[in-house]
Amino acid sequence: MTVWDDLVGQEKVCEQLAAAARDADAFVTAVSTGAPRPEASKMTHAWLFTGPPGAGRTQAARAFAAALQCVSPDRALGGVPGCGFCDGCHTALIGTHADVTTVAAVGTQILAEDMRDTVRKSFTSPANGRWQVILVDDAERLNEKSANAVLKAVEEPAPRTVWLLCAPSIEDVLPTIRSRCRHLNLRTPSVDAVADLLMRREGIEPAVAVAAARATQGHVDRARRLATDPAARERRAAVLKLPLRVEDVGGALKAAQELVDAAAEDAKALAEELDGKETEELKAALGAVQGGRLPRGTAGVMKDLEDKQKRRRTRTQRDSLDVALTDLTAFYRDVLALQLGSRVAIANADAQDVLERLARASTPEATLRRIEAIAACRDALDRNVAPLLAVEAMTMALRAG
């Protein structure tokens, strides 16, 4: 199994990355042996991965990072870096490699303080003698200060530092940053390709795999979660019942409250899993004495951690809501397809009866207005509107049609 095996439907991108990894390996070999360095190379110091949700932007970047750190002895025999089995590949893929740093938005933005240590590390030599890799997930969430810090690091990188930026589209990244990156655009994989991955890697039954892939419209991570997690299937089923519950004002407001409460529960569950562990680890690092008392002068550090955890809970709640809104959009898209007599395959085949009922009870124009109301709710959440207000406005708009 190579590091490229999970990149579903991205054959062209894999070819480009494999060629770059091969040239990068030749460069490192030349440096370490004193041999002449390759004159032409497909490797560069900064890459921008774009594509729709579920296409595998971060997976592609992480696979490339693993290939750059590959230490398989087969490379000397002409093998392509990225074997997937060596220590370099394994630690890079699971996120524990000393020379692969991942930065992601804790809240709604990547702050300058979150990037400070990472930018500083980008100018150091790799610990194991290969590459220093900085992977920035959610690069579209860089704010002005953090984006400027990244720009300075990308403009004048260390000789063996590689920046891997991931964003939904090239327009989401500052022109000054994207102009210094090699751009790779990933496409949404086909339903059949995602279903094949679920059957091959997860051992999912064919019917379940196809249903999950179709329901998520080729979103690999969500399809895997839907196929393997009963709780995810229950949440999706509850969301698909929402269109039938907004026939009156009371029902619309109650449905909005339940949707927000479910997202809050997701955030709370993650917080309970991570916050306590992080807090105890930080206290131990600060030298907390027996009984939990912290040394003087460390209260500010603990406050910074609490702020970070609060931002993460907010982000988790909004991400959970966004998954529900995505499912709801797909539901009304199926309704519109039935109303227009389209031959496009229905994503929510398990809700065929409800789809047909709503298709008969409304018009295509009303369905389009409902889809627009969901999009307006997502925009409001991105602007930090209170989740309950945004979702209530959406459910009332769904009722009005």
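Below: a short report on this structure. Every chain's residues receive numbers from 1 upward, in the order its sequence appears when written. Residues qualify for local features only when their pLDDT is at least 70, as the model is predicted, and side-chain atom pairs are given and counted only at 80 or more; totals for whole chains, interfaces and linings, by contrast, use all residues. To obtain the side-chain values, all non-hydrogen atoms of the structure were included, while hydrogens and water were left out.

Ranked by internal contacts, the top residues of the largest apolar core, which has 37 residues, are W4, W47, F49, F64 and L164. Put simply, the parts of the chain that give this core at least two residues each are α1 (11–33), β1 (46–50), α2 (57–68), α3 (87–94), β3 (132–136) and β4 (161–167). Each residue touching F49, except ones within four places of it in the same chain, is listed here: L17, R57, A60, A61, F64, L164, L165, C166, A167, L184 and L186. Of all hydrophobic cores here, the second largest spans 32 residues; its members include L240, L355, A359 and I374. Buried residues of nine kinds, namely Ala, Val, Leu, Ile, Met, Phe, Trp, Tyr and Cys, make up a nonpolar core once their side-chain atoms join them within 4.5 Å. Relative accessibility thresholds used throughout: buried, under 20% of the residue-type maximum; exposed, over 50%; partly exposed, between the two (1.4 Å probe, protein chains only). Put simply, DSSP H or I for four residues or longer makes a helix, DSSP E for two residues or longer makes a strand, and each gets a number counted from the N terminus. Contacts are assigned to residue pairs with any non-hydrogen atoms lying within 4.5 Å of each other.

In this analysis an axis means a line fitted to C-alpha atoms, helices contributing only their contacting stretch, and an angle means the value between N-to-C directions, from 0 to 180 degrees. It is at 8 Å that the axes of helix α8 (residues 206–215) and helix α9 (residues 220–228) come closest, and there the two elements cross at 135°. For the element pair α8 / α9, the angle class is oblique. As α8 packs across α9, the resulting crossing turns out to be right-handed. For the pair formed by α8 and α9, the contact residues are V208, A212, A213 and A215 on the first element and A223, L226 and A227 on the second. Charged residues are taken to be Asp, Glu, Lys and Arg, nonpolar residues to be Ala, Val, Leu, Ile, Met, Phe, Trp, Tyr, Cys and Pro, and polar residues to be all remaining types, Gly included. Of the residues that constitute the contact of α8 with α9, the class distribution is seven nonpolar, no polar and no charged. For classification purposes, angles smaller than 35 degrees are called roughly parallel, those larger than 145 roughly antiparallel, those between 65 and 115 roughly perpendicular, and all remaining angles oblique. Each crossing is labelled by how the near helix is turned from the far one, with a counterclockwise turn of less than a right angle marking it left-handed and a clockwise turn marking it right-handed.

For this document, the term salt bridge refers to a Lys or Arg side-chain nitrogen within 4 Å of an Asp or Glu carboxyl oxygen. All chains considered together, the criterion is met by 13 salt bridges. Residue R187 pairs with E11 through a salt bridge whose shortest N-O separation is 3.8 Å. Of this pair, R187 sits in the loop between β5 (182–185) and α7 (191–202) while E11 sits in helix α1, and the two are 176 residues apart along the sequence. When its relative accessible area of 53% is taken as the criterion, R187 is described as exposed. The residue E258 makes a salt bridge to R245 at a minimum N-O spacing of 2.8 Å. In this pair, E258 is assigned in helix α11 (residues 249–286) and R245 in the loop between α10 (230–240) and α11, connecting sequence segments 13 residues apart.

Further remarks concern the side chain of T316. Of note, T316 is situated in helix α12 (residues 299–340). Not counting residues within four places of it along the chain, the set of residues in contact with T316 comprises D266, A267 and L270.

Now for the sheet that holds strand β2 (residues 100–103). Pairing between strands is defined by DSSP: at least two bridges between them are needed. Sheet architecture is open: five strands sit in the order β2-β3-β4-β1-β5, paired in parallel fashion. The open sheet has two edge strands, β2 and β5, and neither has a second partner. In this sheet, neighbouring strand axes are inclined to one another by 15° on average, regardless of whether the strands run parallel or antiparallel. Of the strand pairs in this sheet, β3 and β4 are connected by five bridges, and their pairing is parallel. If you follow Q132 over to β4, its bridge partner there is T161. Taken strand by strand, α1 contacts β1 and β5, and its axis lies near 145° from that of β5. Here α2 sits on the sheet in contact with β1, β2, β3 and β4, set at roughly 165° to β4.

For the rest of this paragraph, the subject is the environment of V8. Along the chain, the position of V8 falls in the segment before α1. The buried category is assigned to V8, whose relative accessible area is 9%. Considering only alpha carbons, one finds V8 and L186, 178 residues apart in sequence, at a separation of 9.9 Å. Every residue in contact with V8, bar those within four places of it in the chain, is listed here: P189, A193, V194, L197 and V220.

Running from amino to carboxyl end, helix α14 (residues 364–382) crosses helix α15 (residues 387–400) at an angle of 175°, the nearest separation of the two axes being 9 Å. Here α15 runs roughly antiparallel to α14, going by the angle between their axes. Here R370, A373, I374, C377, A380 and L381 of α14 lie close against α15, whose contacting residues are P387, A390, V391, M394, A397, L398 and R399.

Next up on the list: the packing of aromatic side chains. Two descriptors summarise a pair of aromatic rings, namely the distance from one centre to the other and the angle between the planes of the rings. Here a pair means two rings of Phe, Tyr or Trp (six-membered ring of Trp) with centres within 6.5 Å. Their orientation is stacked below 30 degrees between planes, edge-to-face above 60, and tilted elsewhere. Scanning the model with the defined rule gives three aromatic pairs in all. A ring pair is formed by W47 and F64, whose centres lie 5.0 Å apart and whose planes are at 70°; its orientation type is edge-to-face. You can see W47 sitting in strand β1 and its partner F64 sitting in helix α2, a full 17 residues away along the chain. Grouping residues by exposure puts W47 and F64 together as buried. Any Lys NZ or Arg CZ that is within 6 Å of a ring centre and within 35 degrees of that ring's normal is treated as a charge sitting over the ring. For the cation-ring pair, R182 lies above W47, with the distance from its terminal atom to the ring centre recorded as 5.1 Å.

This part covers helix α5 (residues 144–155). Its twelve residues place the ends of α5 16 Å apart at the C-alpha level, agreeing with the 16 Å of an ideal helix rising 1.5 Å per residue. Packed against the buried residues of α5 are β1, α4 (112–122), β4 and α6 (175–178). For α5, the side-chain oxygen to backbone nitrogen distance between the N-cap and K145 is 3.2 Å, and the N-cap itself is N143. The span expected for a helix works out to 1.5 Å for each residue beyond the first. Any pair of N or O atoms that falls within 3.5 Å is considered a polar contact. Within protein, one atom must be able to donate a hydrogen and the other to accept it, and sequence-neighbouring residues count only if both atoms are side-chain atoms.

Attention shifts here to α14. Spanning 19 residues, α14 covers 27 Å between terminal C-alpha atoms, matching the ideal 27 Å at 1.5 Å per step. Listed in full, the buried residues belonging to α14 are A366, T367, R370, I371, A373, I374, C377, A380 and L381. Once α14 ends, the next one or two residues include N384, with phi positive near 70°.

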